Amino acid sequence: MTREPAAAPRAANRTSMPDDRLRLIEIEDAIAGIRTQIATADLARQRRGKPIDPDWYHRARTALRHLNRERAEILARQNGRRRRERLKDAIIAVLRERCEPAAWAEVLEQARARVDEEAR
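Attention here is on the structure that accompanies the text.

1. Looking at the overall build of the protein chain
Within the protein chain one finds 4 helices and 0 strands. Listing each helix as α and each strand as β along the protein chain from the N terminus yields α-α-α-α. In the protein chain, the proportion of contacts linking residues at least 24 apart, taken out of those at least 6 apart, comes to 66%. For the protein chain, the exposed area adds up to about 9900 Å²; of that, 52% sits on carbon and sulfur atoms.

Rendered as structure tokens:
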């Protein structure tokens, strides 16, 4: 029914994007592939005048339903992250306005050091 996408394009993009974004791309590709297969089967049905295999069609629609559900969950998580990122940006803007330039530079230096430690 569905084919596994080629591993090479996924491997090439994996280093540059977050996992959720990559998974979302994979899901959308799989959804498009299943929809294409359903449309192709329908065209063949019209040409031959015979019905589509109901078991295959049910499996394809079930796969679409599960992929759409996973897509919705990822998008909901991303929306939550965006809200937190906007809040963080607002907090940073307020603190930057209140701090002296030297104090702000020290805060940035400490934050960068923490990020570097976590990356190790």
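Still to come is the rest of the account.
2. Considering the nonpolar core
Of all hydrophobic cores here, the largest spans 11 residues; its members are Leu 24, Ile 27, Ile 31, Ile 34, Ile 38, Ala 41, Trp 56, Ala 60, Leu 64, Leu 67 and Ile 74. Only α2 (19-48) and α3 (54-98) provide two or more residues apiece to this core. The greatest single-element share of this core, amounting to 6 residues, is contributed by α2. If we ignore the near neighbours within four places in the chain, the residues touching Ala 41 are Ile 52 and Trp 56.

3. Remarks on the pattern of salt bridges
One pass over the structure, following the stated rule, counts 6 salt bridges. Here Glu 73 and Arg 69 are joined by a salt bridge, their closest N and O atoms 3.0 Å apart. Here Glu 73 pairs with Arg 69, and both are found in helix α3, just 4 residues apart, close to one helical turn. Within the structure, one salt-bridge network assembled from shared partners comprises Arg 23, Glu 26 and Glu 70.

Criteria and thresholds
- Residues numbered from 1 in each chain as written.
- Predicted model: local features only at pLDDT ≥ 70, side-chain atom pairs only at ≥ 80, totals over all residues.
- Heavy atoms only, no water.
- Helix = DSSP H or I, 4+ residues; strand = E, 2+ residues; numbered from the N terminus.
- Contact = heavy atoms within 4.5 Å.
- Areas by Shrake-Rupley, 256 points an atom, 1.4 Å probe, with all protein chains shown as cover.
- Core = buried A, V, L, I, M, F, W, Y, C linked by side-chain atoms within 4.5 Å.
- Buried < 20%, exposed > 50% of the residue type's maximum accessible area, 1.4 Å probe, protein only.
- Salt bridge = Lys/Arg side-chain N within 4 Å of Asp/Glu carboxyl O.

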